[in-house]
Every structure is written in structure tokens, then in C-alpha cells.
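# Geometric and topological summary
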Amino acid sequence: MSTGATTLRMLDRADKEVMKLTRADIGAVYEFMHKFRHNPENPGLNLKALNSDSRLMSARVNKDYRALLLHIAERDYLLVAVKHRGEVYDDLTRYAYRINRVTGGIEVIDMAPVGDSIIGRVVPPDAEPEPTQKPLFDAYTDAQLLELGVSEPLLPQIRELTTEAQLLELLDRAPQLTTDVLFALFDGTPYDDVLQQVTDPVRADEPVDPEDFEAAVERPATQVTSDDEALQAMLGEAFERWQIFLHPTQRKLVERRYSGPARVGGGPGTGKTIVALHRVAHLARQLPAGADKPILLTTFNRNLAADLRTRLMALGGQDLVARVDIVNIDRLASRVVAEAKSGGSRRVVDDNRVPELWNEFLIETGETAWEAEFLAAEWTQVILGQVLNSRTDYFKARRPNRGRSLNRIERDQIWQLTERFTTWLENRGVWTWRQVAQRAARLEMDRTGQNTGIAGESSGGFYRPRYRHVVVDEAQDLSAAHWKMLRAMVAPGPDDMFLTGDTHQRIYDNHVTLSSLGVNIRGRSSRLTLSYRTTRQILADALQIMTGEVYDDLDGGEENLAGYRSLLRGGRPVFRGAATWTQERDLIVEQLRSWGNPADGSVAICVPTKDLAADVMNRLQADGLEVVEIGPDGPKRPDGVHIGTMHRFKGLEYQRMIIAGVSDGLVPRQMISRYRDADPKRYQRERQRDRSLLFVAATRSRDELAVFWHGTPSPFLTGRLVQRQLT
């Protein structure tokens, strides 16, 4: 007999066990969950308590497997493990459960003793046995470890750990926070930094009652899913794990209610895009029924926008995507201009051509007082970027990061030249994407300014914002005009704007201070520090590349990568130099050969220029290798060895990568040296951009990385990295 609705959720760690089963047994788990929700008292399920004073219960999945369940409340259960029937009944004392006093989340811990079984997997067979060592965490008291959120039942085992192999075995089944904390301490991170960077972001917002399991199961730290379709998709292997389970830090950021614009930062591979996608899904679930698209999801690059659509479809399906406007920022601006019939029939040219167009204009008009490059930057970054509409506005405008100061007479001269240049472009029937963004921003700002009614109302001349929520991925790449447009598209208020990005990955010359553009994120900024993409070894060397550089936080402060870490392990990256470019290409061929010349799209080669890319492609083709160029729309085919310039690797990911041509004069570009004395701020900005390109490239690789150069190595490669080739 059915006894009404029963809640059955799955703990994130249970899915690891489930995915190791055969396809038939995976299907049995899903069938069990479906039956259990319908009627847990079904005699065939054989639900029973493991002992009288425990919340732990078991139920029959099939003849070989049993589900381990935690009884939360009267008709509320949590699936915490799927075990072989002999294991469930023979060794119940190995399981402990409790509510973590720091996170408030439920932890179910497998207390099996740490053995030596793992050593053969992580230590070469011929390695010398390790000498007796003192315990790894001897420097910390129990109270300190508990304050960091380490699971209390594991303390005795933690005290016995003396080798990295033992630590890895324990952490393979430890709760998430315990894993994060112990790895950070093992890597030498100071206690106070671990507390601030690892523990505090997942600390419960309210006092924790260690006996209130109903409250605990609802907290972000208890990583569960209860949606039937999501479970079926996961068990059918249609989803990747990230699409269902979020790290507690990420989940808190996704589900929080913000009083205004919020920003999530973090290094490469920390899941910023995943957070943005889940934030969109979370906001969409709160919407009233309708057929409109009140949520905007945007980014700078059109390829990334297409990828966001694909991933959101996989995450939430067509019904969710139907409520979201997914479009790259320039296409959005172009749409606004087209709606207003403001652009006429002009053709849009790439912003990279702006200096060239200014040079043509100055030659035609005979103007010699100003350099084309300076005028191009002043026009795009200050006048268009800040949506300045009059000479008076330009006289009052701040010019951050522009280096050379200008007096009123000089500003007047420049304003007149830009007006003439704009007319010159119009007569040629062209304009730039920066102009499109500026026009769109002005149209939206004017539309907002016409509001004479109540925000959100639509009646007669009343103003209705285009969107209820705006979510931006790769926020560091947007210009000031883009931000002004977006600010005008959504009414200020709770959950209005949600931004993700990392200024260390800024590869375009867009430096903004969000608060000056009406996007006030102060007090609502968070940072992700755990990388899911690359190994600790690659990450450590990538961070070396960033040594000594200071980056902004999009709001006038400084951004840093403190606490940025990975739990993945691999070999040390290779660093090798050659005397000539020809010899460096030999190194590339040698490295590919050592990897087995894979042609399945898992390996990529990154170089600074198109000419170098062409050279590498010709050399590999001569050796009979299949090569695939990475163009503006990504790799032209999924197989082969992918080759492209550094700009092409944003948003891509590979198992193995070679970064070649990392030589002085190429990285950074030789041409920027002319700014060193004439315009020091411009020089610093261009140098920082080239360093960011190298950092982005180095963090695209998941497992193995090789970095090559010829002649003098890039100054971005520290002495420690360059000397690596000698060891």
C-alpha cells in the first residue's frame, strides 16, 4: 500500500559508487529510488534500521546490492551509499554520520582504517621505502583542525598519517571540506590562510544545531540532488557530475539572494562558468510562468556564447533555455541598434582596424599633430568607452590608464578630430564594434531616462526594463560602454546583475571600474580558489608566470590568486630552450613523439603569432601528422593536433599542451617596448596583457604541459622555470 509522498535525495559521494557499477546495476539503483519514493514500506525493498539507536538504515536494491540510507525525518531519507550486501551487514561500525559544526552539512564517513593498499598505485614498485616520519599534521591541535572544519570522527586516523600515500588514501573517502583543508595544510598553506580561503567561504550563515538533520540537509554543504530527471540523466551517464553537484562554496554563491549586483572571481578552472550557468537555472526556477525571456546570459566572445547555450541546454533542457536570452555582447548591442534603426546600412569593421583607419584619416586630412595610435586609443577607450556625447563631457571625463595627461586645449583638438573622423567613417559606410556598443548604450540609457512611471510597469509611455536578471560570464572582457548598456537593461534591485570573471585572464584592452558605471559590487564579491581543470604541478608553474604582477578587481582594488589550488596530481611541466626556431620545432616533434603522436584532438600546440603557427603546421604535416587549425570559431575539426595562437585558446581545454615560441621579443611582443619611456602606463598595460595570454594558455592543459623557447627565454619565465631544463 502506498503511504504518500516520500523524499529521497542522493548524497554527492554516493554517485561515485553508483557510477562504478555495471549498467544493469545502475539501472537497478534508479528503479529502486523510484519505487522507494512511491512506497518505502514495499516489502520487496526490505527497509530496516541497522541498529536501534542509529539513523542509518538499509534497503534492498537487487540481489547483490543494498542502499545505505540516513533517516532525516518522518518521510525524508538521504541515500548515502550503495554497497555490496556483505559489506553492509558485516562491518557497520565503519560508518559514522554527523552534522559538521562549521558548515552545518551532513557528513557520512567511511571509517575503514588507512592501509597500505594504495602505496602500490602511487609509488613506483622499485622506489625505496620511506623512512619513518613524524605525523603530517603534528603541528596542529585537534581544536585547530576542528575549527577548520575537519570531520571529527577522522581525527584519530589523521593523527596517524605520516606519508602522502596514506593521506591520499584517506582523502579518497573523506568529506569535501576535510579534503580541501588537509590538502591545503599539506601544501604548506598557513593556518590562518586556510581558515580564510578554504573554511570561511563554506561556513554556515547561522548557528549550527548538531542534532537538526532537517535543517542540515537543506544547507549548501550537504551536496544532494532530489530531482528525478536529474538523477535519471546522471545514472544514464548523460550528464557530467558538475551538472548535478556543485562544490558547497559554489552552491552557496548560486543560491544566495543578493541585494544588488554580485561578482564571483577566481582563477582558471575554478568553475566560474559553471556557477554562472547554475545561477541562470536557479533564477529561472523562480520566474512566474510565461513565454518571455526575462534573463540575459551574455559574454564577450561569440564562441563562448554558443558554448553557454549548449551547456545550459544540457543542464536544464529546452524549457529552461526558452526563458533565457543567450547572446554575445556585441550581437546584443547590434540588435539594440537595429531595433532603433540607428545604424543605417553601415558595415561593421573589427576594432583591430581602428589604428589603421585613423592613420588613413590623418594622411588624407594632412593632420600631423597627433599619432594615429594615440588617437585610436583615446577615441575607443575614453570617448566611446565612456559613452561621452559632448565636448563638455569629454573635458570632465577621467582618463584612467591613459598615461599622458591632456590640458583643455589638447582635449578640444582631439574632440574636433574625433568628430571629423566619425563623419569620415560614416561617409565610407563603416563603423566599428566600439561605436555600435556606444550607440546601443546611449539608446538604452535614453530609454531608461524616459521612464515616467513605476519601474517594471508597462503602460503607455512607461518604461519596462528589458530583463529582470542579467548574468555575465568572462566579465573582465567587457568595455565600459557594454556595462552602461547592461546597467540600463535591468532595473536596479535584488539579484539584478551577476558577474563571473578573472582579470588575470583579461586579453583585451578593457579596463573598467564598475562602480563608476552604476554597477556597485562592493560587499557582494566572492572568489573561488579550487581548480578542477589542471594539476597542482601545472598550476604551481602557471602561478610562477604571474610573479610580480598586480591586477585590478574591476572595482578599483587589487585582485590576487591567494589560495588558488588544485587537488589533482600529475607530472612536472617540461621547460626546454633551443638555439634557433628550427631547433625548437624539433623539440615540438620530439615531445609529440614521446606522447605517442596522438591525433584524437587531445593535444594542442600554442604559439604567439600566426606565422609561427603556420611554420609548426608545415613541419608537422611534412612529418605526416594530421593538424587542425584553431580559427576564430574554434578548431575546424575535433580530431588531429590542434594548433593556434594564444588568443585562440580562451575557453578551450586539452589533455596535453605545448606552448612554443615563449621567447623574449615574442612574449611579450617586441613592439610594445616603444611605449616604455613615451607612455609607461600603456607599456605596463600591454605587458600585462601579454602575460595574461601566457597564463591563459598554460592553464588550458589538464594533465601535461611543455613550454619551449628559442634564443633568450621570455622574462615571464622565472629563473626557477628556466633552470628546470637543466635538472
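Read on for an overview of the structure.

### Section: the overall build of the protein chain
In terms of helices and strands, the protein chain carries 27 helices and 27 strands. A globule of 727 residues ought to have a C-alpha radius of gyration of about 27 Å, and the protein chain, at 29 Å, matches this closely. Each principal axis of the C-alpha distribution contributes one length, and for the protein chain these read about 95 × 75 × 50 Å. Counting only contacts in the protein chain whose residues sit at least 6 apart along the sequence, the fraction spanning at least 24 positions is 73%. Of the roughly 32,200 Å² of accessible surface on the protein chain, a fraction of 47% belongs to carbon and sulfur atoms. Here the protein chain holds 95 positive side-chain charges and 101 negative ones, and the gap between their average locations is 4 Å.

### Focus: the packing of helix α22 (residues 536–545) against helix α26 (residues 680–698)
Helix packing for two helices is described by the angle between their axes and how far apart those axes are. Taken N-terminus to C-terminus, the directions of α22 and α26 make an angle of 175 degrees; their axes are 9 Å apart at the nearest point. Put simply, α22 runs roughly antiparallel to α26. Contacts between α22 and α26 involve I538, A542, L543 and I545 on the former and, on the latter, R691, L694, F695 and A698. Within the contact of α22 with α26, the residues separate by chemical class into seven nonpolar, no polar and one charged.

### What about the sheet that holds strand β11 (residues 324–326)?
In space, the six strands of this open sheet follow the order β11-β10-β14-β15-β9-β16, with parallel pairing throughout. The open sheet has two edge strands, β11 and β16 (525–528), and neither has a second partner. The sheet shows a mean angle of 15 degrees between the axes of neighbouring strands, taken without regard to direction. Judged from the four bridges that link them, strand β10 (residues 295–298) and strand β14 (residues 469–472) form a sheet pairing that is parallel. Each residue of the ladder has a partner; that of L297, found in β14, is V471. Its contacts with the sheet put helix α14 (residues 302–321) on β10 and β11, and the angle it makes with β11 is roughly 165 degrees.

### Some points on the pairing of strand β6 (residues 95–99)
In this sheet, strand β7 (residues 106–110) lies alongside β6 in antiparallel orientation, the contact comprising five bridges. Considered in β7, the bridge of Y95 is made with D110. Counting the residues that bridge the hairpin from β6 to β7 gives six residues, and of these G104 lies at a positive phi of roughly 75 degrees.

### Some words on the packing of aromatic side chains
One pair of aromatic rings is described through two measures. These are the centre distance and the angle between the planes. A full pass over the atoms with the stated rule returns 15 aromatic pairs. Residues Y258 and F498 carry aromatic rings whose centres are separated by 6.0 Å and whose planes lie at 55 degrees to one another, so their mutual orientation is tilted. Taken as a pair, Y258 in the loop between α12 (248–255) and β9 (262–266) and F498 in strand β15 (residues 497–500) lie far apart in primary sequence, 240 residues in all. Accessibility assignment for this pair places Y258 and F498 in one class, buried. Aromatic side chains W358 and F361 sit 5.6 Å apart centroid to centroid with 90 degrees between the ring planes, which places their arrangement in the edge-to-face category. Placement of the pair is W358 and F361 together in helix α16 (residues 354–365), with a separation of three residues, close to one helical turn. W358 gets classed as buried once you look at its relative accessible area, which sits at 0%. The lysine or arginine in question, R346, covers the ring of W431, its NZ or CZ lying 4.2 Å from the ring centre. Positioned above the aromatic ring of Y394 is the side chain of R411, whose terminal nitrogen or guanidinium carbon lies 5.5 Å from the ring centre.

Cut-offs and rules
- Residues numbered from 1 in each chain as written.
- Predicted model: local features only at pLDDT ≥ 70, side-chain atom pairs only at ≥ 80, totals over all residues.
- Heavy atoms only, no water.
- Helix = DSSP H or I, 4+ residues; strand = E, 2+ residues; numbered from the N terminus.
- Rg over C-alpha atoms; globule rule 2.2 N^0.38 Å.
- Contact = heavy atoms within 4.5 Å.
- Areas by Shrake-Rupley, 256 points an atom, 1.4 Å probe, with all protein chains shown as cover.
- Lys, Arg positive; Asp, Glu negative; His and termini not counted.
- Charge placed at Lys NZ, Arg CZ, Asp CG, Glu CD.
- Axes fitted to C-alpha atoms, helices over the stretch in contact; angles between N-to-C directions.
- Parallel < 35°, antiparallel > 145°, perpendicular 65-115°, else oblique.
- Nonpolar A, V, L, I, M, F, W, Y, C, P; charged D, E, K, R; others polar.
- Pairing = 2+ DSSP bridges.
- Phe/Tyr/Trp six-rings, centres within 6.5 Å; stacked < 30°, edge-to-face > 60°.
- Buried < 20%, exposed > 50% of the residue type's maximum accessible area, 1.4 Å probe, protein only.
- Lys NZ or Arg CZ within 6 Å of the ring centre and 35° of its normal.

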